[in-house]
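# Results of the structural survey
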Number of protein chains: 2
Amino acid sequence: MFEPQVYQNRRARLRQALPGAAILIPGHGEAPRNYAANTYEFRQHSTFLYLAGHALPDLVLLLLPDGEELLFGTPATIDDIVWTGPVPSLGELAAAAGVARAEPLERLPERLAGLSNVSYPRPFRAEQVLALARWLRKAPDAVRPDASAALMSALAELRLCKEPREVEQIERALAASADMYDAAIGAMAPGAREQDVVAAMTGAALFHGCAQSFIPIVSRRGEVLHNHAYGNTLAEGDLLLVDSGAETAEGYASDITRTFPVGGRFTDRQRAIYEVVLAGQRDAIAACAPGVGFADVHLTAARTMAAGLKELGLLRGDVAEAVAAGAHALFFPHGLGHLLGLDVHDMEDYGDLAGYEPGTARSTQFGLGFLRMNRRLRPGMVFTVEPGIYFIPALIRQWQEQGHLAQFIDYDRALTYLDFGGVRIEDDVLVTDDGCRVLGARPIPKTVADVEAACARP
Amino acid sequence: MFEPQVYQNRRARLRQALPGAAILIPGHGEAPRNYAANTYEFRQHSTFLYLAGHALPDLVLLLLPDGEELLFGTPATIDDIVWTGPVPSLGELAAAAGVARAEPLERLPERLAGLSNVSYPRPFRAEQVLALARWLRKAPDAVRPDASAALMSALAELRLCKEPREVEQIERALAASADMYDAAIGAMAPGAREQDVVAAMTGAALFHGCAQSFIPIVSRRGEVLHNHAYGNTLAEGDLLLVDSGAETAEGYASDITRTFPVGGRFTDRQRAIYEVVLAGQRDAIAACAPGVGFADVHLTAARTMAAGLKELGLLRGDVAEAVAAGAHALFFPHGLGHLLGLDVHDMEDYGDLAGYEPGTARSTQFGLGFLRMNRRLRPGMVFTVEPGIYFIPALIRQWQEQGHLAQFIDYDRALTYLDFGGVRIEDDVLVTDDGCRVLGARPIPKTVADVEAACARP
């Protein structure tokens, strides 16, 4: 974790934004896997990490209206020490987070009892719903609706622009990503299985002391956007789509996608689609600068790719009109990117209070409606830029049956691509004072030439 | 998963054991990590796996008193198919599990409304507590107390003795374990970090298409029984304790511990303790046979190790008396083993209804009270045998201050071992008709000679 002052400053800014509020930030408990004591790897609640740093279970932060700050936890017994080794005292934990007072968790309810209104972020784990219901004497069904939008908006405003130390953390995660992609390339020969690539990448992340920031997508069927099965065997001529991220011990994430030709060389058809996606990503990154709205960056990528798809005969008519109508979304059915930070979709638990400007809402158009972020860019924001083109048989057939946007889409030609799969290319971008910077000290191969050189077998 | 008849037969036996019962088995949903959509790797509820096989989220099995069986789930939409690819229909899922009827999950409450009493196993995830409260119109606080002990006892009786196909699954997990330990040995040179060993082992498990059945313990501080930190660097002369398991796609676990000398050779003091633990394990395994109570096997290991510790001057007096008084537990403070199957601590979510014979309860003695299992052994039972000796500074100092069992313990000598760490040796054992068999086709090095040969650097 960072120095105590970092957390003190963040909490001071939060209290300034919400004067007079009582703010309750429950950290996570252990998450049971197949019985209570067999847990998943512990992951702290990101808001707790942001405000108090400790990646330990069963801690609760309480900020009182008079400025008092308290950390609640459960002191260790001798049995705990036998099982888990010596642990810092609650007082030591509080001091490391710059919190003045530590109290046993059992005292939390009486501390809360005197408060007229307690603000907390919307919990996404059921365990937190039950705990908040108990502590605040609410019906469990009321816990999520009663979460404080004002608190989440204030937290989003604080967390939106990254501190240099946070950017450095993301760069550390990207150093792990660079090694993960080296490992993936090393493991992806024809005849290997998707799971072999996962094994190599997972090992590379752990070697950096990193978790994975999400369950990686490693698939020869890139058209399945969130594919978590690794059962296929790779063959010469396949595309392998790899979307993965690392997470530092402090909780910061990277998120990178590359699409590789199994065997080392793209076919002509693969190369043509790949170049369209790459151009879309290039133009989108070039468009990122302070003041620009991210939906416009998304549409920039969409227009570039639509123009490329038109050249390939998959779209037709006026490109701007096709994109305005959403025709590109048949092939690019997701958003261009999302905030990145302590979460790989940073602050997604705050809902669109984080990703969208106050007072704005998501589009209802297919594709654009999946855009997780539509902020006006500011220096310090970090997000992904990840355009893709996919040939999703179920979606193509559904749109064709409906004759949807047939003036812009050559369905007969699209049907010749049903075995293509998909291509996505993703990098992590930091907005600077005068533009943006692709993060990551060591680039991960991306151009056709670089990818083919990296994938070439000796 | 297995053939539909396997699950039909298991359900038929369960219904025979509980005639006239309505039995509700909610499968798991996704477990959120740092926001709702960023989940941990999905793990199905083991009872659901046992009775209906599918490792997919948000399925519910309902067995009605008249013998009707229903599988509830949520049919996929086109958006689901875009994100996660084509999925089998609910009807296909039901058929694969041998269940006659499939219904959308939203109909579950009306199906339950007409039933006077619904039996369900005690949930350990808060999400299931909330779901059961909603479905059964209970207060959340009543959900766990109202779980059916009769149902859990009947399930324990069914699952206690493994079918040959289940033993085969555990052997598959052990094949992954064998490769995981090869990888560990390959990665554990002086100068390597604990996390490098974790990285290598994790990759080896994934290469087998296996998850890890629990968060591995990989530590040069083996005296910390459940150590999940991997920050230390290994040095010549360290002991590295590695306790890990694999889990097959069908959900069956292995669980193996080895303790290795970093650098390739045990010191004399390490070898002496190692041989004591190995002798304890050997005698315990030799004692496993149908009809034997597992607490007696535990005490067999304790007596063998106490005799060894007496030879080393750490214990004194009559060995049987020392063990009866619990003096050995200063050095061997945990139980000898636990059931193994779909869970690495099989059926631990049923509490001691699974691990203990009906009508028996845990000892209150320190050490013996941690024994997770005290069943009379029967052919087909699978469990771990994992004695260990540790020098836990906090525990030794606490007992010494209390003068606890000083007639049996040489505290001055124990204090000279405070930097020792710990040794544990664990295998997975199947009770046969006339004794037992250590599972695993390929042995993992265990004798001093075999361990040193495996660890020797070229």
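Within each chain, residue numbers correspond to sequence positions counted from 1 in written order. To read the labels, note that chains go from A and ligands from 1, taken in the order they are written. Local features are withheld for residues below a pLDDT of 70 in this predicted model, meaning they are given only at 70 or higher, and side-chain atom pairs are given and counted only at 80 or more; totals for whole chains, interfaces and linings count all residues. Working from all heavy atoms in the structure, the side-chain values ignore hydrogens and water.

## Observations regarding the relation of the copies chain A and chain B
The copies were overlaid with a least-squares fit restricted to C-alpha atoms from residues scoring a pLDDT of at least 70 in each copy. Between chain A and chain B, which share one sequence, the superposing operator has a rotation angle of 180° and an axial displacement of 0.0 Å; the RMSD is 0.0 Å. The operation mapping one copy onto its partner corresponds to a two-fold rotation axis. Between two residues, a contact is recorded if the distance between any of their heavy atoms is within 4.5 Å. Of all interface residues in chain A, 100% are interface residues in chain B too; the two copies therefore contact each other through one and the same surface.

## Quick notes on the pairing of strand β16 (residues 427–431) of chain B
Residue and element names in this part refer to chain B. Only protein chains enter the accessibility calculation, which uses a 1.4 Å probe; a residue whose area is less than 20% of its type maximum is buried, one above 50% is exposed, and one in between is partly exposed. Secondary structure counts use DSSP, requiring at least four H or I residues in a row for a helix and at least two E residues in a row for a strand, with both numbered from the N terminus. Most of β16 is tucked away, with five of its five residues classed as buried. Burial along β16 is two-sided: the face carrying Asp427, Val429 and Val431 and the face carrying Asp428 and Leu430 are both buried. For two strands to pair, DSSP has to find at least two bridges joining them. Where strand β13 (residues 382–385) and β16 come together, four bridges link them in antiparallel fashion. Directly across from Phe383, in β16, lies its bridge partner Val429. In this sheet, strand β17 (residues 436–438) lies alongside β16 in antiparallel orientation, the contact comprising three bridges. Within β17, the position partnered with Val429 by the bridge is Val438. Connecting β16 to the antiparallel partner β17 that follows it, the hairpin turn spans four residues.

## So, the confidence of the model for chain A
Low pLDDT marks stretches whose predicted atomic positions should not be read closely. One confidence number per residue, pLDDT, is output by the predictor and ranges from 0 to 100. On average, residues of chain A carry a pLDDT of 95, and 100% of them reach 70 or more. Across the interface, the model reports ipTM at 0.95; the global pTM reads 0.96.

## Looking at the packing of helix α6 (residues 126–136) of chain A against helix α6 (residues 126–136) of chain B
As a packed pair, α6 of chain A and α6 of chain B sit with axes 7 Å apart at the nearest point and diverge in direction by 70°. In terms of orientation, α6 of chain A lies roughly perpendicular with respect to α6 of chain B. Pair α6 of chain A / α6 of chain B crosses with left-handed handedness. Here α6 of chain A contributes Ala126, Glu127, Val129 and Leu130 of chain A to the contact with α6 of chain B, which in turn contributes Ala126, Glu127, Val129 and Leu130 of chain B. Amino acids are sorted into nonpolar (Ala, Val, Leu, Ile, Met, Phe, Trp, Tyr, Cys and Pro), charged (Asp, Glu, Lys and Arg) and polar (every other residue, Gly among them). For the contact of α6 of chain A with α6 of chain B, the residue count by class is six nonpolar, no polar and two charged. Orientation is described by axes fitted as lines to C-alpha atoms, over the contacting stretch for helices, and by angles from 0 to 180 degrees between their N-to-C directions. Throughout this description, any angle smaller than 35 degrees is read as roughly parallel, any larger than 145 degrees as roughly antiparallel, any in the 65 to 115 degree range as roughly perpendicular, and the remainder as oblique. Should the near helix be turned anticlockwise from the far one by less than a right angle, the crossing is left-handed, and should it be turned clockwise, the crossing is right-handed.

## Examining the domain arrangement of chain A
Residues and elements named next belong to chain A. Domain boundaries assigned for chain A yield domain 1 (4–160) and domain 2 (164–455). Opposite the 19 residues of domain 1 that make contact, domain 2 presents 20 residues. Here domain 1 packs against domain 2, burying approximately 1,600 Å² in sum over the two surfaces, 52% of which is carbon and sulfur. Summed over both partners, the accessible surface that disappears when two parts come together, traced with a 1.4 Å probe, is what is meant by buried area. For domain 1, the biggest contributors to the area lost against domain 2 are Arg43, Arg159 and Leu160; these three give 39% of the whole. Think of a salt bridge as a Lys or Arg side-chain nitrogen and an Asp or Glu carboxyl oxygen that are within 4 Å of each other. Where domain 1 touches domain 2, the interface holds five salt bridges. Close ionic contact of Arg378 with Glu157 constitutes a salt bridge, the shortest N to O distance being 2.8 Å. Whenever two N or O atoms come within 3.5 Å, that pair is a polar contact, provided that in protein one can donate a hydrogen and the other can accept it, and provided that, for residues adjacent in sequence, both atoms are side-chain atoms. Linking domain 1 with domain 2 are nine residue pairs in polar contact (both at pLDDT 80 or more), by the criterion used here. Considering every element that reaches the side of domain 1 that touches domain 2, the biggest residue donor is helix α8 (residues 149–160), with eight residues. Classifying every residue of the side of domain 1 that touches domain 2 by side-chain character gives 10 nonpolar, four polar and five charged. Domain start and stop positions are those given by an automatic or database domain assignment.

## Looking at the pairing of strand β12 (residues 256–261) of chain B
Residue and element names in this part refer to chain B. In terms of burial, β12 is largely enclosed, as six of its six residues are buried. A two-sided burial pattern is seen for β12, the buried positions comprising Ile256, Arg258 and Phe260 on one face and Thr257, Thr259 and Pro261 on the other. Across six bridges, strand β10 (residues 239–244) lies against β12 in antiparallel orientation. Its bridge partner being in β12, Leu239 is matched across the sheet by Pro261.

## Quick word on the sheet that holds β13 of chain B
Residues and elements named next belong to chain B. Overall, antiparallel pairing links the three strands, which are arranged β13-β16-β17 in an open sheet. In this open sheet, the two strands that pair with only one neighbour each are β13 and β17. Strand-to-strand twist across the sheet, computed as the mean angle between neighbouring axes with direction ignored, equals 35°.

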